[in-house]
Amino acid sequence: MKTSYIKHLLAIVVSIGLTNCSTDNETKIEDVSNDTNLLSGCTNVVIHNGHAYAACGEQLQITALGSETINTIAINGDDIAVDTSNNTLFVQSRNTIQALNLSNPLRPTVVASSATNFGLFSGIDAANGIVVVSAGTGGSNTQVYRFSNNQFNLVQNGIPTVDNVTGNPDVHVAETASGARAFYSQDLGAVANWGIQIIDFNTQGNITNIEPVVTLTAQRFTGGFNSISPANFPLESEFLNNKLYVAHFAVNGIEVVDLENNNTTSTINLGYQPINITTNGNALFAVGTTSNTVSIINPSDNTVNIITENRIEQARSIASNENYLAIADRIAGLLIIDIEN
């Protein structure tokens, strides 16, 4: 990361907070500083093509970044993902996933849906036409879909290597030259032992390789499940420069995984239990449910800078691009931070 970029990040200015709109009603908001009707309950957020999309309970909230134009659509969502290869948004809510076409970014339309076999804390992610759903708690199946022609085509209905553990609270998927690679966050036993299971898929969603599980720091989770359910267990990952950065409550920070040797190489201390992590390709950004800060991590040397944002009350997820951060907050709603050069 360039020094000027770090200095700029430290001078970040919060730009806008988003308010509740009528269902599927595009609106211009001139001043929301005194608005008491903020849309709360946001659990996950992504940024795509200059727009932030947040799953907020019974509604999907959208904002055009750099403007005050927002929209809400009545769609239930716990987790959310975007596949840049086909311009499609995927929203997961309990036992249902839906695909939304983003041709009109402020007014996405549902083009497909599928019933699934999820457990609590299941997650969804997608890349290169492959949609991957983690199994969540025990008793449910990991599922892999090939999404094409606006249809979900189930390819894998259960993967024993992944499913035969206590649970899989989330999954991160990265595009590869031959398909996609999934990084499953795993509870290896009794909410006390943790790992990352890595599986490669071809472009049709078929398994091509299963790596040995990467063992993370062990520690029993004793936090309150109510504050983090139904999605975003504090074991989330992000892929950058052939390394995996795992936001892990057990180390109060980030565990760095070398993917050439599939082992942890270092720990980045944050001073709080992180709940989510993202990257814009240059830096990494992490948030925690009990912290009103955003941690900015320089991947070249693992140094950490801090943004203090007093509007954060219970951050659940963070997304980024070169110019903006978007934070899904369970209480404050969707928060936008401007980091534009």
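Bear in mind that the values here come from a model prediction, so they are computed numbers and not experimental data. (Residues numbered from 1 in each chain as written. Predicted model: local features only at pLDDT ≥ 70, side-chain atom pairs only at ≥ 80, totals over all residues. Heavy atoms only, no water.)

**Student:** Help me get a handle on the nonpolar core, residues and values and all.
**Tutor:** Of all hydrophobic cores here, the largest spans 34 residues; its most connected members are Ile 196, Phe 233, Phe 285, Val 294, Leu 325 and Ile 327. Breaking this core down by element, the ones donating at least two residues are β18 (193-202), β22 (243-248), β26 (284-288), β27 (293-298), β29 (315-320), β30 (324-329) and β31 (333-338). Counting residues per element, this core draws most heavily on β18, at three residues. Once residues lying within four places of it in the same chain are set aside, the contact partners of Ile 327 are Val 45, Val 287, Val 294, Ile 312, Ala 315, Ser 317, Ile 318, Gly 333, Leu 334, Leu 335 and Ile 337. By size, the runner-up hydrophobic cluster in this structure holds 14 residues, among which are Ala 55, Ile 62, Ile 75 and Ile 80. (Core = buried A, V, L, I, M, F, W, Y, C linked by side-chain atoms within 4.5 Å. Buried < 20%, exposed > 50% of the residue type's maximum accessible area, 1.4 Å probe, protein only. Helix = DSSP H or I, 4+ residues; strand = E, 2+ residues; numbered from the N terminus. Contact = heavy atoms within 4.5 Å.)

**Student:** Tell me what's going on with the state of the cysteines, and back it up with residues and numbers.
**Tutor:** Counted under the stated rule, the structure contains one disulfide. In this model Cys 42 forms its disulfide with Cys 56; the gap between the sulfur atoms is 2.1 Å. When the S-S torsion is 90°, as for the bridge of Cys 42 with Cys 56, the disulfide is right-handed. With Cys 42 in the loop between β2 (27-28) and β3 (44-48) and Cys 56 in strand β4 (residues 51-56), this pair connects stretches of sequence that are 14 residues apart. Residues Cys 42 and Cys 56 agree in their burial class; the two are buried. (Disulfide = S-S within 2.5 Å.)

**Student:** Tell me about the side chain of Gln 143, residues and numbers included.
**Tutor:** Secondary-structure assignment places Gln 143 in strand β14 (residues 143-148). Judged by relative accessible area, which is 5%, Gln 143 ranks as buried. Looking at Gln 143, its side chain comes within polar contact range of the side chain of Tyr 145, at 3.3 Å. Among the polar contacts listed, one links the side chain of Gln 143 to the side chain of Asn 157, at a separation of 3.0 Å. (Polar contact = N/O pair within 3.5 Å; in protein donor to acceptor, adjacent residues only side chain to side chain.)

**Student:** Can you break down the sheet that holds strand β8 (residues 88-93) residue by residue, with the values?
**Tutor:** As summarised here, the arrangement of the four strands in space is β7-β8-β9-β10, forming an open sheet in which the pairing is antiparallel. Bordering the open sheet on either side are β7 (79-83) and β10 (109-115), each of which pairs with just one other strand. For this sheet, the mean inter-axis angle between neighbouring strands, taken without regard to orientation, is 20°. (Pairing = 2+ DSSP bridges. Axes fitted to C-alpha atoms, helices over the stretch in contact; angles between N-to-C directions.)

**Student:** So what's going on with unusual backbone geometry? Which residues, and what values?
**Tutor:** A cis amide bond links Ser 229 to the next residue, Pro 230, at an omega of 5°. Structurally, Pro 230 can be placed in the loop between β20 (214-215) and β21 (235-240). For Asn 49, which is not glycine, the phi dihedral falls at a positive 50°. Mapped onto the secondary structure, Asn 49 falls in the loop between β3 and β4. A positive phi angle is found at Val 191, which is not glycine, with a value near 55°.

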